[in-house]
Amino acid sequence: MLKLYDVEVQSRLLLGTARYPSPAVLAEAVRRSKAEIVTVSLRRETAGGKGGGAFFELIRELGVRVLPNTAGCHSVQEAVLTAKMAREVFRTDWIKLEVIGHHDTLQPDVFGLVEAARILTDEGFQVFPYTTDDLVVAEKLLEAGCRVLMPWCAPIGSAMGPVNPMALRTFRAHFPDIPLIVDAGIGRPSHAASVMEIGYDAVLLNTAVAGAGDPAAMAEAFALAIDAGRLAHAAIPLEPRDMAVPSTPVIGKAVFS
Amino acid sequence: MTFTINGEEQDVAAATLADLLSALDYEGDWLATAVNGELVHREDRGTFTLGARDRIEILSPMQGG
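Residues numbered from 1 in each chain as written. Chains lettered and ligands numbered in written order. Predicted model: local features only at pLDDT ≥ 70, side-chain atom pairs only at ≥ 80, totals over all residues. Heavy atoms only, no water.

A.B. asks: With reference to specific residues and values, describe the sheet that holds strand β7 (residues 126-131) of chain A.
C.D. replies: Residues and elements named next belong to chain A. Overall, parallel pairing links the three strands, which are arranged β6-β7-β8 in an open sheet. This sheet does not close on itself; its edge strands, each paired only once, are β6 (94-97) and β8 (150-151). Sheet topology places β7 next to β8; two bridges connect them, and they run parallel. Opposite Tyr130, over in β8, you have Met150 as the bridge partner. In the packing of helix α4 (residues 110-122) onto the sheet, the strands contacted are β6 and β7, and the crossing angle to β7 comes to about 175 degrees. (Pairing = 2+ DSSP bridges. Helix = DSSP H or I, 4+ residues; strand = E, 2+ residues; numbered from the N terminus. Contact = heavy atoms within 4.5 Å. Axes fitted to C-alpha atoms, helices over the stretch in contact; angles between N-to-C directions.)

A.B. asks: Residue-level account of the interface of chain B and chain A, with values.
C.D. replies: Counting from both sides, the interface comprises 27 residues of chain B and, opposite them, 32 residues of chain A. For the pair chain B and chain A, the summed buried surface comes to about 2500 Å²; carbon and sulfur atoms form 57% of the total. The three residues of chain B that bury the most area against chain A are Trp30, Met62 and Gly65 of chain B, which together make up 24% of that side's buried surface. Linking chain B with chain A are two salt bridges, by the criterion used here. Here Glu57 of chain B and Arg44 of chain A are joined by a salt bridge, their closest N and O atoms 2.8 Å apart. Connecting chain B to chain A are 16 residue pairs in polar contact (both at pLDDT 80 or more). (Buried area = accessible area lost by both parts, 1.4 Å probe. Salt bridge = Lys/Arg side-chain N within 4 Å of Asp/Glu carboxyl O. Polar contact = N/O pair within 3.5 Å; in protein donor to acceptor, adjacent residues only side chain to side chain.)

A.B. asks: Tell me about the side chain of Asn6 of chain B, and name the residues and values.
C.D. replies: In this structure, Asn6 of chain B sits in the loop between β1 (2-5) and β2 (8-11). Its relative accessible area of 10% is what places Asn6 of chain B among the buried residues. One polar contact links the side chain of Asn6 of chain B to the main-chain carbonyl oxygen of Glu45 of chain A, over a distance of 3.0 Å. Not counting the four nearest positions on each side in its chain, Asn6 of chain B is found in contact with Arg44 and Glu45 of chain A together with Tyr26, Ile56, Glu57 and Ile58 of chain B. (Buried < 20%, exposed > 50% of the residue type's maximum accessible area, 1.4 Å probe, protein only.)

A.B. asks: Would you mind going over the UniProt feature "binding site: 1-deoxy-D-xylulose 5-phosphate" (unreviewed entry) in chain A in detail, with residue names and values included?
C.D. replies: Residues and elements named next belong to chain A. The positions that UniProt labels "binding site: 1-deoxy-D-xylulose 5-phosphate" (unreviewed entry) are, in the present scheme, Gly157, Ala184, Gly185, Asn206 and Thr207. The largest pairwise C-alpha distance within this set of annotated residues, which runs over 51 residues, is 9.5 Å, so the set is compact in three dimensions. Secondary-structure assignment places Gly157 in the loop between β8 and α6 (165-174). Residue placement: Thr207 occurs in helix α8 (residues 207-210). Excluding its chain neighbours within four sequence positions, the residues that come into contact with Thr207 are Arg19, Gly157 and Ala212. (UniProt positions renumbered as here; feature names shortened; annotations may be inferred.)

A.B. asks: Run through the packing of helix α5 (residues 135-143) of chain A against α6 of chain A, naming residues and quoting values.
C.D. replies: Residues and elements named next belong to chain A. Relative orientation of the contacting elements α5 and α6 amounts to 35 degrees, with a least axis distance of 11 Å. Judged by the twist between their axes, the crossing of α5 over α6 is right-handed. Listed contacts from α6 to Leu135, Ala138 and Glu139 of α5 are Thr170, Phe171 and His174. (Left-handed = near helix turned anticlockwise from the far one by under 90°.)

A.B. asks: Quick rundown of the packing of aromatic side chains? Include the residues and the values.
C.D. replies: For the structure shown, the criterion picks out five aromatic pairs over all chains. Relative to Trp30 of chain B, the ring of Phe56 of chain A lies with its centre 6.1 Å away and its plane at 55 degrees, an arrangement referred to as tilted. Residue Phe56 of chain A is located in helix α2 (residues 50-62), and its partner Trp30 of chain B is located in the loop between α1 (17-23) and β3 (32-35); the two belong to separate chains. Residue Phe56 of chain A is classed as buried on the basis of its relative accessible area, which comes to 8%. By relative accessible area, Trp30 of chain B is classed as buried at 16%. Counting every residue linked through ring pairs, the aromatic cluster contains Tyr5, Trp94 and Phe128 of chain A. Its guanidinium or amino end placed over the ring of Trp94 of chain A, Arg65 of chain A lies 5.3 Å from that ring's centre, counting from NZ or CZ. Against the face of Phe125 of chain A rests Arg87 of chain A, its NZ or CZ located 3.8 Å from the ring centre. (Phe/Tyr/Trp six-rings, centres within 6.5 Å; stacked < 30°, edge-to-face > 60°. Lys NZ or Arg CZ within 6 Å of the ring centre and 35° of its normal.)

A.B. asks: Give a description of the pattern of salt bridges that names residues and reports values.
C.D. replies: For the structure shown, the criterion picks out 11 salt bridges over all chains. Among the ionic pairs, Lys96 of chain A bridges to Glu98 of chain A, the shortest N-O distance being 3.2 Å. One exposure class covers both Lys96 of chain A and Glu98 of chain A, and it is buried. One network of salt bridges, with partners in common, ties together Glu57 and Arg60 of chain A together with Asp29 of chain B.

A.B. asks: Help me get a handle on the pairing of strand β5 (residues 55-63) of chain B, residues and values and all.
C.D. replies: Examined bridge by bridge, strand β4 (residues 37-44) of chain A and β5 of chain B share five bridges and lie antiparallel to one another. In the sheet register, Val40 of chain A faces β5 of chain B, and the bridge partner there is Gln63 of chain B. The pairing of β1 of chain B with β5 of chain B spans two bridges and is classified as parallel. Across the sheet, residue Thr4 of chain B finds its bridge partner in β5 of chain B, namely Arg55 of chain B. Taken together, the four bridges between β3 of chain B and β5 of chain B define a ladder with antiparallel strand orientation. Residue Ala34 of chain B lies in a different strand from β5 of chain B, and its bridge partner there is Glu57 of chain B.

Dropping the structure here:
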């Protein structure tokens, strides 16, 4: 079981709800992923509340736990207010905290992130910070009260997969007891499996599933890959070696010349 | 009075935030509101008095990653 703050879940896949071809495809992708947590957001309502209401009902019907985000916020003030409004709507203390620092890379503003995390923790929120793989920032986030860390492995929506596996391994080794979720940059199930193999606790995905030719099938593929990676980590994989090692024993081999 | 509602100026006859939501046909327990950068809880909208030029944000759930 994975424990995130005071909640235990079986699934190690957290699924985003954006960019699907239709609500029906989103619903099917959530079901086939077996995700127990989905990310959601808030935006200005222009249709008398009816547009957001339809999505709200869809999520309720799926019976999953929601993790609201502060996507699109570029300042501490914006992120904190959005988090408070999300708590009002979704009635959860959980918040996926994003404070975006750069328009092109969507890299987090880690200084603002730490400040916002501190403010929100003091207000009773349970913060899931979208951060980089910087160890010092992560330490500051823990000092601010975070009990989960969510480092990126590549820019949001880039589908590049882990661009710096060494940094992710170091991050894991440095925080052995903190739930670590790779958030952002995963493109394929093999990427997800690879971060699970090095010991990450879970993966948060959106575009890799929603943008696939068959999102529901891809959601299931990710679920299988995450389980495989988790199992492989528990089974203790071999470390790479510089030299060949024969897999077939040479003792007793016939000599013909 | 003239307010800035979700970034657009509008004239609405409303004394409280609840009046404003009703006048603009907003309804549903999934709405969140803020005035001048501060959250106004659902239960406080009926007594929250608005002033001219107030900046009002009305948000609702949407898809997110």
